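# Working through the structure, step by step
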Amino acid sequence: VRPLYALVSQTLRFAPVLEQLLAGSALLRVEKKLSPHLAKVLVYDLLFGNGLRSGGRWKARVRQHRARLEAELARMKVQQKVSRNEDLLGPSLSSAAPQVPRYVRVNTLKTCVEDVVDFFKRQGYSYLGKADSMQDLRGLAGKKFLLDLHLPELLVFPPQTDFHDNLLYTSGHIILQDKASCLPAFLLDPAAGSHVIDACAAPGNKTSHLAAILKNKGQIFAFDVDTKRMATMNTLLTRAGVTAFQLAQQDFLTVDPSDPKYRRVAYILLDPSCSGSGNVQGCSQAPAARTLANTGSPTGMVTRAPQEAAASAQRLQVLATFLHKALSHALSFPALRRLVYSTCSVHQEENEDVVQAVLQESGLAFRLVHAFPSWPCRGLPTFPGAECCLRASPADTLTQGFFTAVLERCEEGAAAPRKKLQVAAKENPQQGEGTEPGAAPKKRKRKKKPGK
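What counts and what doesn't
Residues numbered from 1 in each chain as written. Predicted model: local features only at pLDDT ≥ 70, side-chain atom pairs only at ≥ 80, totals over all residues. Heavy atoms only, no water. UniProt positions renumbered as here; feature names shortened; annotations may be inferred. Axes fitted to C-alpha atoms, helices over the stretch in contact; angles between N-to-C directions. Helix = DSSP H or I, 4+ residues; strand = E, 2+ residues; numbered from the N terminus. Parallel < 35°, antiparallel > 145°, perpendicular 65-115°, else oblique. Left-handed = near helix turned anticlockwise from the far one by under 90°. Contact = heavy atoms within 4.5 Å. Nonpolar A, V, L, I, M, F, W, Y, C, P; charged D, E, K, R; others polar. Buried < 20%, exposed > 50% of the residue type's maximum accessible area, 1.4 Å probe, protein only. Phe/Tyr/Trp six-rings, centres within 6.5 Å; stacked < 30°, edge-to-face > 60°. Lys NZ or Arg CZ within 6 Å of the ring centre and 35° of its normal. Pairing = 2+ DSSP bridges. Polar contact = N/O pair within 3.5 Å; in protein donor to acceptor, adjacent residues only side chain to side chain. pLDDT = per-residue confidence, 0-100. Core = buried A, V, L, I, M, F, W, Y, C linked by side-chain atoms within 4.5 Å. Domains from an automatic or database assignment. Salt bridge = Lys/Arg side-chain N within 4 Å of Asp/Glu carboxyl O.

Going by what an unreviewed UniProt entry lists, the protein is known as NSUN5 methyltransferase and is assigned to Centropus bengalensis. For the record of the protein, the UniProt heading Sequence similarities (unreviewed entry) holds the text "Belongs to the class I-like SAM-binding methyltransferase superfamily. RsmB/NOP family."

In structure tokens:
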């Protein structure tokens, strides 16, 4: 998995260069059945990577075009008066990677924060305690790490710290997950014993987070349409110690809300396909976005592919229509009390506009919750109440670009934020960077340390 992760990240980083190479070499005009996304990955590996060690049946076909691709690359270097491949990126893109920290979520199904901190100390890392501000996170370097100031079981390491071969990761005691990606499950906050739907679940990080919050008590229904991703997700969840889950190879839009199986579903996490415009190119902990493969295929809701930096107006409209349909469908489950809608997009069309339109359609059935009052970035002021939503970005929150909204049924008995959020609101009436909901790890029984 790790080499593939690196290959996709670097392909994203070199996307502008690869697009010029494909256009100049006319590769896609010759190989008409080769998709542009796959072509970028193969050409990057051929010219900048390991010499195209993988690629299936397309490997030999692309190698046949090596001479013309190398000639086009040489022409581009001469034209731009540079000698290194890296210099083709230009000054704004030539740095090694965006300075987004390495976030490590402690998997409380297997261990606790204190034990993980002790483990890293024994490996030579220096623990600096809980961060007081975003500036503390920006200043991380070397083998130093902090407890995040917002999320209670999230450790923060310097950018590009690699834990893919670490025992804690391979044994499922830690999950490598961007901070913004941890928000949906944290804000959904289902009570132990609840029935929950993870509508677009692959690769499973959010599902495992939900299971940890539920303490493996209750039931998670997780949906995905792809066989291989289902197998990968099953492996990840098993490694993480998740037991209370059912995987279904099914498009969430085809799930019948009236099915008796889902009569107790009170919580839904909806993180559907989007443009992926919030994904930071080159960030090693950001997997390729869950995106629509093309503008005419809404059923490709869990297709992942490298993303261009900008989405066309037409594409955004198609995405917005699909997202609107997905959110409306999720709100139709009869026992639903609380829902979190999230995307890895920065576009208003996929975020605030979708939430506003669906809320208007629902009448008085659902309302927006003013979630996480101390979170520094709020929704764009496009409609009254949009400030209830959360946004995230590399510049403001040191994360991937992300959007989150919490919706709650208005009728009596609807689920409210549980005790940890209510207490935090009382203790922190003003917004700021300091104390966050549930940020201090609770004292708990110490579990067996991995590697002992």
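Let us keep going from here.
### Considerations on the packing of helix α13 (residues 313–330) against helix α14 (residues 352–362)
Relative to each other, α13 and α14 sit at 45 degrees, their axes nearing to 10 Å. By the criterion of interaxial angle, the relationship of α13 to α14 is oblique. The handedness of the crossing between α13 and α14 comes out as right-handed. For the pair α13 and α14, the contacting residues are A320, L323, H324, L327 and S328 in the first and V354, V355, A357, V358 and E361 in the second. Among the residues making up the contact of α13 with α14, the classes are represented as seven nonpolar, two polar and one charged.

### Some thoughts on the UniProt feature "active site" (unreviewed entry) in the protein
With numbering aligned to this structure, UniProt lists the feature "active site" (unreviewed entry) at C344. Relative to the helices and strands, C344 resides in the loop between β10 (338–343) and α14. In this structure C344 comes out as buried when scored by relative accessible area, which is 13%.

### Describing the packing of aromatic side chains
Under the criterion given, the structure shown has 22 aromatic pairs. With 5.6 Å between their ring centres and 65 degrees between their planes, Y44 and F48 make a pair best called edge-to-face. Pair check on accessibility: Y44 and F48 agree, each one buried. With a centroid separation of 5.0 Å and an interplanar angle of 40 degrees, the aromatic rings of Y127 and F145 are classed as tilted. Residue Y127 is found in strand β2 (residues 126–130), and its partner F145 is found in strand β3 (residues 144–147); the two are separated by 18 residues along the sequence. Members of the aromatic cluster, each reached through a chain of ring pairs, are F119, F120, Y125, Y127, F145, F157 and F163. The ring of Y125 carries the charged tip of K143 above its face, separated from the ring centre by 4.5 Å.

### Comments concerning the sheet that holds strand β4 (residues 154–157)
Here five strands make up an open sheet; going across it, the order is β2-β3-β4-β1-β5 and the pairing mixed. Strand pairing shows two members of the sheet lacking a second neighbour, β2 and β5 (174–176), which therefore form its edges. Recorded for the sheet is a direction-independent mean angle of 25 degrees between the axes of neighbouring strands. Where strand β1 (residues 102–106) meets β5, three bridges bridge the pair, whose relative direction is antiparallel. Along β5, the bridge assignment pairs R105 with I175.

### A look at the side chain of T399
Mapping T399 onto the fold places it in the loop between α15 (394–397) and β13 (402–409). Taking relative accessible area as the criterion, T399 reaches 0% and is therefore assigned buried. A polar side-chain atom of T399 sits 2.8 Å from a polar atom in the side chain of T397. The contacts of T399, once residues within four sequence positions are left out, are V100, Y103, D178, K179, A180, V280, A392, S393 and P394.

### Considering the confidence of the model for the protein
Model confidence for the protein is summarised by a mean pLDDT of 83, while 80% of its residues fall at 70 or above. Here residues 92–97 is modelled with pLDDT under 50, and outside its nearest four sequence neighbours on either side it reaches ten contacts, counting other chains as well. Every residue in residues 291–311 scores below 50 in pLDDT, and together they form 67 contacts with partners more than four places removed in sequence or on other chains.

### Digging into the packing of helix α2 (residues 15–25) against helix α4 (residues 36–47)
At a minimum axis separation of 10 Å, α2 and α4 run at an interaxial angle of 100 degrees. By the angle between their directions, the pair α2 and α4 is classed as roughly perpendicular. Where α2 abuts α4, its residues L18, E19, L21 and L22 lie against P36, A39, K40, V43, Y44 and L47. In terms of residue class, the contact of α2 with α4 is built from eight nonpolar, no polar and two charged.

### Regarding the nonpolar core
Counting 51 residues, the largest nonpolar core has L137, L187 and F372 as the members making the most contacts within it. With seven residues, the top contributor of residues to this core is helix α10 (residues 179–188). A domain split of this core shows at least three residues from each of domain 2 (102–176) and domain 3 (186–284 + 313–409). When residues no more than four places from it in sequence are discounted, the contact partners of L137 are P101, Y103, A131, L146, D148, L149, V156, K179 and L398.

### With respect to unusual backbone geometry
Of note, the amide linkage connecting A202 to P203 takes the cis form, showing an omega dihedral of 10 degrees. Positive phi outside glycine occurs at D189, with the angle close to 50 degrees. Relative to the helices and strands, D189 is located in the loop between α10 and β6 (195–198). Positive phi, normally seen in glycine, also occurs at K215, with a value near 60 degrees. Residue K215 is classed as exposed on the basis of its relative accessible area of 53%.

### Details of the pattern of salt bridges
Scanning the entire structure with this criterion turns up eleven salt bridges. K40 is paired through a salt bridge with E19; the nearest N and O atoms lie 3.2 Å apart. Of this pair, K40 sits in helix α4 while E19 sits in helix α2; the two residues are 21 residues apart in sequence, bridging distant segments of the chain. Relative accessible area serves as the criterion here: at 4%, K40 is assigned to the buried category. As a salt-bridge pair, E408 and R367 come within 2.6 Å of each other at their nearest N and O atoms. Of this pair, E408 sits in strand β13 while R367 is found in strand β11 (residues 366–368), placing the two residues 41 residues apart along the sequence. Several salt bridges converge on common partners, so that one network encompasses D224, D226 and R229.

### A word on the environment of D224
Its place among the elements puts D224 in strand β7 (residues 219–224). Residue classification places D224 among the buried positions, given a relative accessible area of 1%. Taking the C-alpha atoms as reference, D224 lies 6.2 Å from D251; in sequence the two are 27 residues apart. Engagement of the side chain of D224 in a polar contact is seen with the backbone nitrogen of A202, the distance being 3.5 Å.

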